[in-house]
Every structure is written in C-alpha cells, then in structure tokens.
Amino acid sequence: MNTILYLFLAAIINAKAQTAFSATNGLPSPPASVVPSAPAPLGNTALWEQAITLDSANNITGNHANQYFYSSVAWWQSLENSSNSYFSGSPSSVDAGPHFSQLLQIIQNYPIRYDQAQASDPKQTPITIMQIPEQTIKSFGASGAWWPNDLNYFPSEQQQNLSELLFSKDWLYLSGYRYNMGASGDHDIVTVKTDDAPVNRGVESFMKTDGTYDWTRDGPGMYYLRAAEAANVSSITFFVNAAPSGLNATTASSAPCGGTLEATAIPAFVTYIETVLAYWADQGITIEYISPMNEPDDSFSSCGQEGMAVPQSIRTAVFQQLRAASSASTSAGAKAVKIMGDETSQIASQALMHYGNWLPETLTGQYIDAIAVHMYDWPDDATLLNFRQLVKNCSVSGFPPPVKMTEISSFQSASGMRSEWGWTGPSVMSAQYDPTMSSALDMARMIWQWLTLVNAESFDWWTANGSGWNDALIYIDANYRTTKDYNFYLTKRFWVFRHFTQFIRPGSVRYDIPNEVLPYGTVAVASLGTNNVWQATFINRNNTAQVVTMNLPRTGGRIQRLIQTTDDVDWGDLEWPKVASNNDISLTLPARGVLTVQFSVSGPLSGRHPEGDGGSVEYHDHHRPTQPRRWGQKGRG
C-alpha cells in the first residue's frame, strides 16, 4: 500500500484514540474528531462528502458513531489510488470506481430502514417473506478448543451428558463442529500457560517433539470429535492454531506459540496436515473442511494460547500447497476434504485492509473452497456490507466461494454499550461473565448480520463449554476440582442459539424478510427447510413486546410450532395463532426475546412436518437471576 494510506491510517488510529465511549446514555460518543483529523479524502470527494452527509443525518446505521464507515470509505478510496484493480475494476483508476459507487449506493439505501420506528399495531402492513431464494445454509456450530481438557476431569456420565446437550436433536443439535488440531509436543521449549487453571489453552499434537506421531494423544478432544461423528454432525472442520512444535516450522522453533510460519517450512507443514487428515479420515471421521491457519495476523507471543502468525505474502502459497498435498493424498477421505481460510480476526482493520493482498490470487487459483473469517471488532452493518462487496470484487467472476463466520465470543453485553437495535462496534472485547439475555440478544443479532448482510452459509460460536468470559454456550464451575460441582449451567446464549440450530437445518434456504415493516429494534430471519417447513425467527431487543402481523407465503398456511426465549423463559411453547383466510397471522414478539414460528403452506409444500423435538434428557431448573440454568447432577467426590 502507498505512503498516503499509511499516513491516513495513522490519523484514523489517532482519532479513534480520542473518541470516548459513554456508558451513561447507551450510545458511543459521536465521532466528531474522526473526519477533521484525517487528511483530505482521496478519490471522489463528492462521494466522501455524501457519506458524511448521510451519517450526520443518522441514515447510515441508525447511530452517530460509525467510525468504521469513515475508515472503510477512506480505505477503499486509498486502495483505488494505489492501483488495486480488485477494488476498482480498472488498474489505472484514480477515482472511486464503479464498484465503490455501487457499494455506496447500497449503504445509502439499505441501512435507512433501521430508523423507521413503527407502533405496535397488529393492523400495520403485514410482514412478508420475499420469494427470491438467497443462500443455502450449511451449519451452525461451535469449536472444541481447549475446554475438552477440563471435561477429562468430569465423571464419565457427565461427559456423555455434555455430548447429548451439544449434539442431540432434543437439545442444541449442532450441525457444525470444529476440532482443534493441537500444536503442543511432549517436550516443548516453551509451554502454553493460562493463569493457574488446572489445564491451559493448549492441545496435545499428534506429532511429538521428536517428529514422530502418536495417535493416542489428545484423548479429551478426540472424545468429543468422535461424539460429533457418532451424532452425524454434517459439517466437521479441522482447524490449526499453530504448526506443531515438533515440526520447527516457525521462527519460534520448538514452541506452539509466539512464532511466524516460515515460507521454507510450508511443504513440511502441509504434509503434516495431510497426514493427520488421512489418518482420521481412514478411522471413520468425516471431515468436510480443513482450515490451516487461525487469526494469522497474531503470533500470540505471550503464549497465553497456541498460535502462529502467517504473513500475507505466503498465505496463498499455504493454500496452494495444501491443495496439492490433499489432491495427491492416497486417502479418499483426505482427498475429499475442502479448504477454508484465512480465519482473519477482524473485519475492518484486517479483512478490508488485507484481503486484496492474497485473496484474489487464491481465488483465481481455486485454492480455497470457502472464505472463513472472525469478527472480533464487532463490525456494524455498513462495514459488513463493505466486506461482502470486497469479497465479490476479489473474485474474477464476481461469484466467490461461500463465506463462513467461524468464531466470535468474549464481548461486553449490551447494557450501557449499544443502542437497543443492537449496534456492535469497536472496543467491546471483555472478560465479562454474562449468561443473560443481554448477551444472547447480541449474539442473535450477530447471526442475523452474517446471514442477511453477508449471506454467510454458516455461523460458528467459539467454544461450546467453558468456565469464564462470554466464551461459552454452557458454563461449568471454574473451581470444580475443589467444589466437586460437575453440573452444566445453560446460558441464555445456549437457548437462543438453539432457535437457529434446531429450526435452520443443513440445506435450508434463506429468504429475506424486509425490515421496513418491522418495529424498531427488531430483525428477522426466514428459511425453508428441506422438509418443506418454513421458519421465521424474530429478535426483539425492545423492553416491550411488539405485536406484528405476518403474511404466510402462498395459501393454506398451517402453524407447526411457536417457541420463545426470554429473560424468564428458556424454551417455551406458545399457543398457535389462528391463520386468517388471507394467510395472515398475528404474532406477539416478546420483550427482550427471540420468537420462532414454524409453518407449512399449501401446494407442493403441503403435508410435510418438521422433525420431532422434545426432551428425553432430564433438565433441572435451578434458576438464579444472575446465573445460567443448571443441567445435570452432582458428580462423585
């Protein structure tokens, strides 16, 4: 990138450092200092001025704190002037170019919808489901990283209970599971250590420090991987935080953290990956994807967890050589594994800035089958629209592979941080413990963002189980070794995530629900399942219930299920509304709640029923106002 861009980024960083976040009114302070602190806008000045005008009119994303929008505008324009043809379509362009003009128009028209507050009136314009299919949904999942080490200390019956909670159709019914290929050898020079926890954020590698393989290692992780396979989880991914310490592939030498992958080590690195994939595929594990790097902009030099940096300049080479190694594998299972990448940590400061350096070449060579990314800057809607357009522009055909959101957690919950409709933006990472609906509603809106703004095919939460932060869907007592408390505490995130894992099964096709007629603070997702049953999930962040009218598509609508999750209810069946002769139904969206309605319609969709749902596992309700639900039993002392 050119010198002007670096000067601009320095100004933006300085401006952001001066922008205070107010917790008193629930909104960040306006970014008044952001624009004056930046150098003169590059490219089309009229577009820049139009963006400022739109934001000052509160029409971009429904708030006045859209620093990322300004940043994204400037980044795109700067990249235009650095002759990046993937953004402009013309290497010689010094203007904003046709792609950016189109993007700005999308941003101008689309997010205006969030300011259209409406009364809770059942006679309002009915909510409709557009009949143009969007993307096919592949999975909703979670990662099995590090927490299985804890469960190794739990009674065997509780280990089995957790498998049922995660994979049974009577419970969370995950359709995706990510297995962490460990990097820790048996005699590492540097070890991963996390505080004084009984276990740390490291996993045994199948490759020992001396370079030999021991397939009996990582017993705890393999337990839940096998459980996912036994439950027929449709999408299993192996992902790599770091090259194994025994490979000596990074600048850190014999360590599972703190190093940078060296270009000369790529052949040995991808051979190692193919060896692991081939072994477990031949053992009956159905692996759909391999992800060879995780958050590659960070080496995790503090060694608080496994990790390695992968320079942008060699990322394409990693994918290219991994494709070659997989294609040459003698294992049919390994040969069939698809490749995803690059698991970039943030959208605005990394994906929007870095993708042009490696993604176009990678897509041209068809070295990856899916684009995988994290969202640890909690991007707002305009930034995600930028991201979606960028991915399209990086593809020669304009039809890139599907996008997968593969990791998010550990955020400050909504109270005092964001407006009621769910603004998510910078500087909200936190070690907060929040099992309540505040955190769950934030998560639900993130899912909505990725499904509707990016058309992502999957959404993966970070960890399924844990003892702290907002990492986990299920909590355990961090002091279980002393207290002998081996119960599982089901957070509200667990129950809200279940609305997606249960009702949007693999192969479901999403259809858009326009937001214009939804009450302020409410968003919705609709899809048609392979069983020809529709679902519509409504997320209401308001403190009051909202009454809406919904028109079911086609004719002869029949309600199949109505489920809500609120502050007071985990998973509550509701009385079905009557379907009027014009196929309208009236729905009461609960305050601070998530409501899902399943229904079928006449014609080719008639006579089909959703999969059964019920409870074969005992669930103990020991609710405390600031604690998640508890499930399970006391373990043996």
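Residues numbered from 1 in each chain as written. Predicted model: local features only at pLDDT ≥ 70, side-chain atom pairs only at ≥ 80, totals over all residues. Heavy atoms only, no water.

### Some remarks on the state of the cysteines
Step number 1: Counted according to the given criterion, the structure contains one disulfide.
Step number 2: Between the sulfur atoms of Cys257 and its disulfide partner Cys303 the distance amounts to 2.0 Å. On the S-S bond that ties Cys257 to Cys303, the torsion sits near 95°, and the link is right-handed. Of this pair, Cys257 sits in the loop between strand 4 (235–240) and strand 5 (259–260) while Cys303 sits in the loop between strand 6 (289–291) and strand 7 (308–309), and the two are 46 residues apart along the sequence.
Step number 3: With relative accessibility at 9%, the residue Cys303 sits in the buried group. (Disulfide = S-S within 2.5 Å. Helix = DSSP H or I, 4+ residues; strand = E, 2+ residues; numbered from the N terminus. Buried < 20%, exposed > 50% of the residue type's maximum accessible area, 1.4 Å probe, protein only.)

### Notes on the sheet that holds strand 1 (residues 133–136)
Step number 1: Read across the sheet, seven strands follow the order 1-14-15-16-21-18-19 without closing on themselves; strand pairing throughout is antiparallel. Only two strands of the sheet have a single neighbouring strand rather than two, namely strand 1 and strand 19 (572–573).
Step number 2: In the sheet, strand 18 (residues 558–565) pairs with strand 21 (residues 593–600) via seven bridges, with the strands oriented antiparallel. If you follow Leu562 over to strand 21, its bridge partner there is Val597.
Step number 3: Taken strand by strand, helix 15 (residues 437–453) contacts strand 1, strand 14 (509–511), strand 15 (522–528), strand 16 (534–540), strand 18 and strand 21, and its axis lies near 55° from that of strand 15.
Step number 4: Against the sheet, helix 17 (residues 492–503) makes contact with strand 16, strand 18 and strand 21, and its axis sits at roughly 160° relative to strand 18, the strand it touches most. (Pairing = 2+ DSSP bridges. Contact = heavy atoms within 4.5 Å. Axes fitted to C-alpha atoms, helices over the stretch in contact; angles between N-to-C directions.)

### Comments concerning the confidence of the model for the protein
Step number 1: Residues with a pLDDT of 70 or more make up 70% of the protein, whose mean pLDDT is 77.
Step number 2: Across residues 193–199 the pLDDT falls below 50, and counting only partners more than four positions away or on other chains, this stretch makes 13 contacts in the model.
Step number 3: Across residues 605–626 the pLDDT falls below 50, and counting only partners more than four positions away or on other chains, this stretch makes 55 contacts in the model. (pLDDT = per-residue confidence, 0-100.)

### Some remarks on helix 10 (residues 266–282)
Step number 1: Between its terminal C-alpha atoms helix 10 stretches 24 Å, which fits the 24 Å expected from 17 residues at 1.5 Å a residue.
Step number 2: Three or more residues of helix 10 are buried, namely Ile266, Phe269, Val270, Tyr272, Ile273, Glu274, Val276, Leu277, Ala278, Trp280 and Ala281.
Step number 3: Gly284 lies just past helix 10 and shows a positive phi near 100°. (Expected span 1.5 Å × (residues − 1).)

### Looking at the environment of Gly219
Step number 1: Along the chain, Gly219 falls in helix 9 (residues 219–230).
Step number 2: Measuring from C-alpha to C-alpha, the distance between Gly219 and Val203 comes to 9.8 Å, with 16 residues separating the pair along the chain.

### Overview of the nonpolar core
Step number 1: With 122 residues, the main nonpolar core has Phe238, Tyr355, Phe387 and Trp450 as its most contacted residues.
Step number 2: Discounting residues that sit within four places of it in the chain, Tyr355 has contacts with Asp342, Thr344, Gln350, Pro360, Ile371, Ala372, Val373, Phe387, Leu390, Val391 and Cys394.
Step number 3: If you look at the next biggest cluster of nonpolar residues, it comprises 25 residues, including Ile127, Val548, Leu552 and Leu562. (Core = buried A, V, L, I, M, F, W, Y, C linked by side-chain atoms within 4.5 Å.)

### Side note on the pairing of strand 12 (residues 472–475)
Regular strands place their side chains on alternate faces of the sheet.
Step number 1: Relative to strand 12, strand 11 (residues 458–466) runs parallel, the two being bridged by three bridges. The residue of strand 12 that forms the bridge with Asn465 is Ile474.
Step number 2: By the bridge criterion, two bridges tie strand 12 to strand 13 (residues 488–490) in an arrangement that is antiparallel. Bridging from a neighbouring strand, Ile474 pairs with Leu490 of strand 13.

### Looking at the pattern of salt bridges
Step number 1: Scanning all chains against the criterion turns up 14 salt bridges.
Step number 2: Asp567 is the partner of Arg592 in a salt bridge, and the nearest nitrogen-oxygen pair spans 2.8 Å. One end of the pair, Arg592, is in the loop between strand 20 (584–589) and strand 21; the other, Asp567, is in the loop between strand 18 and strand 19, with 25 residues separating them in the sequence.
Step number 3: For Arg592, a relative accessible area of 21% gives the class partly exposed. (Salt bridge = Lys/Arg side-chain N within 4 Å of Asp/Glu carboxyl O.)

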